[in-house]
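# Coordinate analysis (summary)
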Amino acid sequence: MSRLFFILISLITSQALATNVENLYSAQAEIATQDELERQQLAPIILQKVLSKVVGDSEALASKDITYLLEQSDYLVKQYAYVRSYSAGNEAEQSLSLTFNEQALNDSLRAMELPVWAKTRPEVLFWLVIREGDQQTVFGTEQLTSPLIKIINAQVSIRGVPLFFPLMDLEDEEQLKFLDSSKELDDINSFTLASERYNPEVILLGVVNKEEESIGISWQWLFSGERQQFKTEGELSEALRSGINIFTNNLAKQVTDVDKQYVKQEHLLRVSLVEDFKDYSRVTSYLTNLKHVSKVTIRTLEASELELSIVLDAGLHFFEQALEEDKLLSKKKLSSRGSNLEYRLNP
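Throughout what follows, the structure given in this document is the object of discussion. (Residues numbered from 1 in each chain as written. Predicted model: local features only at pLDDT ≥ 70, side-chain atom pairs only at ≥ 80, totals over all residues. Heavy atoms only, no water.)

The next thing to look at is the packing of helix 2 (residues 36–55) against helix 7 (residues 147–159). For the pair helix 2 and helix 7, interaxial distance at closest approach is 7 Å and the crossing angle is 85°. Regarding the angle of helix 2 to helix 7, the classification is roughly perpendicular. When helix 2 is examined against helix 7, the residues K49, S52 and K53 are found in contact with a partner set consisting of S157, I158 and R159. When grouped by side-chain class, the residues that make up the contact of helix 2 with helix 7 number one nonpolar, two polar and three charged. (Axes fitted to C-alpha atoms, helices over the stretch in contact; angles between N-to-C directions. Helix = DSSP H or I, 4+ residues; strand = E, 2+ residues; numbered from the N terminus. Parallel < 35°, antiparallel > 145°, perpendicular 65-115°, else oblique. Contact = heavy atoms within 4.5 Å. Nonpolar A, V, L, I, M, F, W, Y, C, P; charged D, E, K, R; others polar.)

Turning our attention to helix 7. Here helix 7 contains 13 residues, and its C-alpha end-to-end distance of 19 Å stays within 8% of the 18 Å for a straight helix at 1.5 Å per residue. Within helix 7 the residues assigned to the buried category are L148, I149, I151, I152, Q155, V156 and R159. Projected down its long axis, helix 7 shows its buried positions confined to an angular sector of 160°, all on one face. Exposed side of helix 7, more than 90 degrees from the buried face: P147 and K150 are the residues found there. Just downstream of helix 7 lies G160, where phi reads positive at about 75°. (Expected span 1.5 Å × (residues − 1). Buried < 20%, exposed > 50% of the residue type's maximum accessible area, 1.4 Å probe, protein only. Arc of directions from axis to C-beta.)

A sheet is described by the order of its strands in space; here five strands give the open sequence 13-14-12-16-15, paired in mixed fashion. In the strand order of this sheet, the two ends are held by strand 13 (293–302) and strand 15 (329–331), each with one partner. Pairwise comparison of adjacent strand axes, ignoring direction, gives a mean angle of 30° for this sheet. Packing of helix 11 (residues 277–288) onto the sheet brings it into contact with strand 12 (265–272), strand 13, strand 14 (305–312), strand 15 and strand 16 (342–345), and relative to strand 13 it is tilted by some 160°. Running at roughly 135° to strand 14, helix 12 (residues 316–326) makes contact with strand 12, strand 13, strand 14, strand 15 and strand 16 of the sheet. (Pairing = 2+ DSSP bridges.)

As a further point, take the layout of surface pockets. By volume, the largest pocket is sized at about 360 Å³. Around the largest pocket, the lining comprises 18 residues; the ones closest to its centre are N23, S26, K53, S157 and I158. A breakdown of the residues in the lining of the largest pocket according to their chemical character gives eight nonpolar, seven polar and three charged. (1 Å grid on protein atoms, 1.4 Å probe; cavity = no way out; pocket = protein on both sides within 12 Å on 5 of 7 lines; lining within 4 Å. Points joined across faces, edges and corners; volume = space filled by probe spheres on them.)

Glancing now at the packing of aromatic side chains. If you walk through the whole model with that rule in mind, you get nine aromatic pairs. The ring of Y80 carries R39 above its face, with NZ or CZ at 4.0 Å from the centroid. Above the ring of W117, the side-chain terminus of R121 is found at 4.0 Å from the ring centroid. (Phe/Tyr/Trp six-rings, centres within 6.5 Å; stacked < 30°, edge-to-face > 60°. Lys NZ or Arg CZ within 6 Å of the ring centre and 35° of its normal.)

Under the criterion given, the structure shown has 15 salt bridges. With its nearest N and O atoms 3.1 Å apart, the salt bridge here joins R270 to E307. Highlighted residues: R270 in strand 12 and E307 in strand 14, separated in sequence by 37 residues. Of the residues examined, R270 reaches a relative accessible area of 12% and is grouped as buried. Overall, E307 belongs to the buried group, its relative accessible area being 14%. Linking E320 and K331 is a salt bridge whose minimum nitrogen-to-oxygen distance equals 2.8 Å. With a gap of 11 residues between them, E320 in helix 12 and K331 in strand 15 connect regions that are remote in the sequence. Taking relative accessible area as the criterion, K331 reaches 41% and is therefore assigned partly exposed. One salt-bridge network, held together by shared partners, links D169, E171, D172 and R197. (Salt bridge = Lys/Arg side-chain N within 4 Å of Asp/Glu carboxyl O.)

The subject of this paragraph is the pairing of strand 14. Here strand 14 lies mainly inside the structure; eight of its eight residues are buried. The alternating pattern of strand 14 places E305, E307, S309 and V311 and L306, L308, I310 and L312 on opposite faces, both of which are buried. With seven bridges joining them, strand 12 and strand 14 adopt antiparallel strand pairing. Each residue of the ladder has a partner; that of L269, found in strand 14, is L308. The pairing of strand 13 with strand 14 spans eight bridges and is classified as antiparallel.

For the rest of this paragraph, the subject is the environment of E266. Within the fold, E266 resides in strand 12. Residues within four places of E266 in sequence aside, it is in contact with S309, I310 and V311. A distance of 3.0 Å separates polar atoms of two side chains, one belonging to E266 and the other to S309. (Polar contact = N/O pair within 3.5 Å; in protein donor to acceptor, adjacent residues only side chain to side chain.)

Looking now at helix 6 (residues 102–111). For helix 6, the full list of buried residues reads A104, L105, N106, D107, S108 and L109. Buried-residue contacts for helix 6 involve helix 2, helix 4 (67–71), helix 5 (73–76), strand 4 (93–100) and helix 12. You can read the cap of helix 6 off the contacts: a side-chain oxygen lies 3.2 Å from the backbone nitrogen of Q103, and it is on N101. A positive phi of about 60° marks E113, the residue just after helix 6.

Structure representation (structure tokens):
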């Protein structure tokens, strides 16, 4: 690499604290055809990938029954595309890319009392050390094509974590000349001092110990002056993936604003063509028993128009989708009163 490239990277990393993670609400999966039914069947699988990134904490996600949300996955799709990828000597592979409605998905997660991890996330500087006998190797940007780095990058992409590696240029090597990767990651640790030039919000240290019978990885990380540590064992690639998952779960717990949960909202609904008591009963009975409607209050009934207030315990998107499916009420065009909850009763 040229010295100019090192300087440019140094300038970028020294200014970065947090970054916007792109494509949080999009994911892909292989698909054989472009059949609509196959696309709909694949939607819940792709939505689960998106949920892993948006929620951040897989343990919190596993604690909830998300069956209904997955059943509604096709209705949450905002955009889809078929993507072909080519590799030397192999036939083209086709994937389905789905992008989900951000607001509707966020509202639904909060209604289920699940956290929503914002797009702006702390950047993580990852020091990966391979320790074998008396030898210690610290990975940097020169090893980005290494199979280990590819495993790590793939896993942080799955989890939506903005992670980068050190340059490991002469400046880093000088800082780490007398490193001891077994020491506690504190303010005077060699890795902490070497991280200052990058100005990361989070410092993550993973030390792979190949001296043991099974691979063991010791993990430490510093965020907002707080240090955490844990260990993963087993086959190297799985131990790396497991470590990234544990780290991500804990980071998400720390940075997600759990107070910003979904607040049940009251909406004004107007239904026209309510001509008699039978029509009135049809509308009120239907709304009262509709999933995610927690409260229905009658306000007025004048000139065949029924005005109600409804309280939803999920996003408005699901309410409107249910009305569209059930076909009891048909949505009007935007009225002069500016309300988008204007419906007419069907015969």
